[in-house]
Amino acid sequence: MSGAGIARRRLLMLAPLGVAAAGGAAFWTMLTRMQEGRFDPHDIGNPMLGKHIPDFDLPGVAPAQGFSANQLIAAARQQPVFLNFFASWCIPCASEAESLAELGKRGVQIWGIAYKDQPAKTNGFLDQYGNPYAKIAADTTGNTFINFGLYGVPENFLIDAGGRIVWHIAGPLSDQAIDQQVMPTIAKFKS
Amino acid sequence: MKLSEFCLRIQKFFGSFFQKRTFFLLVFLSAPPAFAISDPREMLPNPQQEARAEAIGSQLRCLVCQNESIEESDADLARDLRAKVREQVKAGRSDAEVVAWMVARYGSFVRLRPPLTAATFLLYATPVLALLVGGFAAWVGRSRQAAHVPAPLTEAERARLAELS
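The model shown is predicted, which means the values in this text are computed figures rather than measured ones. (Residues numbered from 1 in each chain as written. Chains lettered and ligands numbered in written order. Predicted model: local features only at pLDDT ≥ 70, side-chain atom pairs only at ≥ 80, totals over all residues. Heavy atoms only, no water.)

Asks: Can you explain the overall build of chain B? Please cite residues and give values.
Replies: The secondary structure content of chain B amounts to six helices and zero strands. Sorting the 165 residues of chain B into buried and exposed places 24% on the buried side. Considering only contacts in chain B between residues 6 or more positions apart, those separated by 24 or more positions represent 46%. Here chain B displays about 12,300 Å² of accessible surface, and carbon together with sulfur accounts for 65% of that area. (Helix = DSSP H or I, 4+ residues; strand = E, 2+ residues; numbered from the N terminus. Buried < 20%, exposed > 50% of the residue type's maximum accessible area, 1.4 Å probe, protein only. Contact = heavy atoms within 4.5 Å. Areas by Shrake-Rupley, 256 points an atom, 1.4 Å probe, with all protein chains shown as cover.)

Structure (structure tokens):
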């Protein structure tokens, strides 16, 4: 057999190794990004991002006042309002409580929508984990939740003065997200 | 125990066994598709509209379980979305309108059969591409083989061969 033939055969034998190495590198990238929170395989992306919020008018969770889409937009005149969907039965919602409190300390308006929750349970949740909300509305039917394109709680949004969704995260807020995403977005859309 | 009695018992035992088996077989074979509508109140009173709603719903992904349609899923959100589909079917919206309503909220991901776009092009084109690549490889392999037909033996080689055999 000629030298060129042997070289070709060696190349063919190495090819599967090359494929395996490429696959390994891809998985490694995926896993590190998942660990760093830069990649979420379950995230379906919200097509509402950049669009106007859907119309709604929800009652409050007493003693907190409820609100409508228009009131939310009016409140966003100076700077974007942070809208948080939560529920007392949701465990990640409890885990983001500290970050929400931190966000409140930085002067961000946080409005909450309690998804399919009983008022007594919502208030019990707030007593336990703190209440960072300026207003809390109750979405008992889940209609507003669906119109926002949500599929779980918590989900977080920033709404600007034009009523557009300028930032969104499908999951709990973290201190890292506050520094790297929320505050820069607010600064950008402040009027 | 007499032998005849014993035989009768065995017969009875196998008889009941067979009956049971046939029964289960019938149950399994006659089982309807696994739709998760657990509450008949969810269904529309008009069977034609209900059939349409089921057809639309079985093409829509449950966002919670992600690999089930909203008709199959038991998730709370799936039930709510089923209700939305039925609400709109009842209101006389077309299939396309109902699907568009869902896509506006959840993106194309909500469709179990995504539309052909730049992003899904490879998804649909891969079988054809694989066929083309395979066909090309086979063609190259063949023409190479054809090119490697050994040259006929020379006179000297033939003489040597005759000498050896």
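Asks: Could you give me a rundown of the sheet that holds strand S4 (residues 110-115) of chain A, with the residues and numbers involved?
Replies: Residue and element names in this part refer to chain A. Strand order in this open sheet of five strands is S5-S4-S3-S6-S7, and the pairing throughout is mixed. If you trace the sheet from one side to the other, it starts and ends with strand S5 (135-139) and strand S7 (165-169), each paired once. Neighbour-to-neighbour, the strand axes of the sheet open up by a mean angle of 20°, direction not taken into account. Pairing of strand S3 (residues 81-86) with strand S6 (residues 155-159), which is carried by five bridges, proceeds in the antiparallel orientation. Within S6, the residue paired with Leu 83 across the bridge is Phe 157. Packing against the sheet, helix H7 (residues 175-189) makes contact with S3, S6 and S7, and its axis sits at approximately 175° to S7. (Pairing = 2+ DSSP bridges. Axes fitted to C-alpha atoms, helices over the stretch in contact; angles between N-to-C directions.)

Asks: Describe in detail the interface of chain A and chain B, supporting the description with residues and values.
Replies: Taken residue by residue, the interface counts 16 residues in chain A and 16 residues in chain B. Taking both sides of the interface into account, the surface hidden between chain A and chain B amounts to around 1,200 Å²; carbon and sulfur atoms contribute 52%. Between chain A and chain B we count two salt bridges in total. One salt bridge in this structure joins Lys116(A) and Asp80(B), with 2.5 Å as the shortest N-O distance. (Buried area = accessible area lost by both parts, 1.4 Å probe. Salt bridge = Lys/Arg side-chain N within 4 Å of Asp/Glu carboxyl O.)

Asks: How would you explain the pattern of salt bridges if you had to name every residue and give the values?
Replies: A side chain with one charge can pair with a side chain of the opposite charge if their charged atoms come near. Evaluated as defined, the whole model comprises 13 salt bridges over all chains. A salt bridge links Arg106(A) to Glu102(A), with the nearest nitrogen and oxygen atoms 2.9 Å apart. Accessibility expressed as a relative area gives 36% for Arg106(A), which makes it partly exposed. Overall, Glu102(A) belongs to the partly exposed group, its relative accessible area being 25%. Of the charged contacts in the structure, one is a salt bridge between Glu50(B) and Arg86(B), with a shortest N-O distance of 2.9 Å.

Asks: Pulling in residues and values, what's your account of the side chain of Arg105(B)?
Replies: Its location among the elements puts Arg105(B) in helix H4 (residues 95-106). Buried and unpaired, Arg105(B) has Glu87(B) as its nearest opposite-charge partner, separated by 9.2 Å. Contacts of Arg105(B), omitting those with residues within four sequence positions, involve Asn46(A), Pro47(A), Met48(A), Ile146(A), Asn147(A) and Gly149(A). (Lys, Arg positive; Asp, Glu negative; His and termini not counted.)

Asks: Can you explain the confidence of the model for chain B? Please cite residues and give values.
Replies: Low-pLDDT stretches of the model should not have their predicted coordinates read in fine detail. All names here are of chain B. Confidence in the prediction of chain B, expressed as mean pLDDT, is 82, and 77% of residues score 70 or more. Ranking the elements of chain B by mean pLDDT puts helix H1 (residues 3-30) last with 54 and helix H3 (residues 76-90) first with 95. Across the predicted assembly, pTM comes out at 0.73 and ipTM at 0.79. (pLDDT = per-residue confidence, 0-100.)

Asks: So, the environment of Glu96(A): which residues are in play, and what are the values?
Replies: All names here are of chain A. Along the chain, Glu 96 turns up in the loop between helix H3 (91-95) and helix H4 (97-105). For Glu 96, a relative accessible area of 1% corresponds to the buried category. Here the alpha-carbon distance between Glu 96 and Ala 20, two residues 76 residues apart in the chain, equals 39 Å. When neighbours within four sequence positions are excluded, Glu 96 is seen to be in contact with Asn 84, Pro 154, Asn 156, Gly 171, Pro 172 and Leu 173. A polar side-chain atom of Glu 96 sits 3.2 Å from a polar atom in the side chain of Asn 156. Among the polar contacts listed, one links the side chain of Glu 96 to the backbone nitrogen of Leu 173, at a separation of 2.8 Å. (Polar contact = N/O pair within 3.5 Å; in protein donor to acceptor, adjacent residues only side chain to side chain.)

Asks: Can you break down the packing of aromatic side chains residue by residue, with the values?
Replies: Taken as a whole and judged by the stated rule, the model has 14 aromatic pairs over all chains. Geometrically, the ring pair formed by Phe67(A) and Trp111(A) is edge-to-face, given 4.8 Å between the ring centres and 65° between the ring planes. With Phe67(A) in strand S2 (residues 67-68) and Trp111(A) in strand S4, this residue pair connects regions lying 44 residues apart in the sequence. Taking the relative accessible area as the measure of exposure, Phe67(A) reaches 1% and is therefore buried. For Trp111(A), a relative accessible area of 5% corresponds to the buried category. Ring centres of Phe136(B) and Trp139(B) lie 6.1 Å apart, and the angle between their planes is 35°; this geometry places the pair in the tilted category. Of this pair, Phe136(B) and Trp139(B) both sit in helix H5 (residues 121-147), separated by three residues, roughly a single helical turn. Among the aromatic residues, those joined into a ring-pair cluster are Phe56(A), Phe67(A), Phe85(A), Trp89(A), Trp111(A), Tyr115(A), Phe145(A), Phe148(A) and Phe157(A). Its end group placed over the ring of Phe109(B), Arg61(B) keeps NZ or CZ at 4.2 Å from the ring centre. (Phe/Tyr/Trp six-rings, centres within 6.5 Å; stacked < 30°, edge-to-face > 60°. Lys NZ or Arg CZ within 6 Å of the ring centre and 35° of its normal.)

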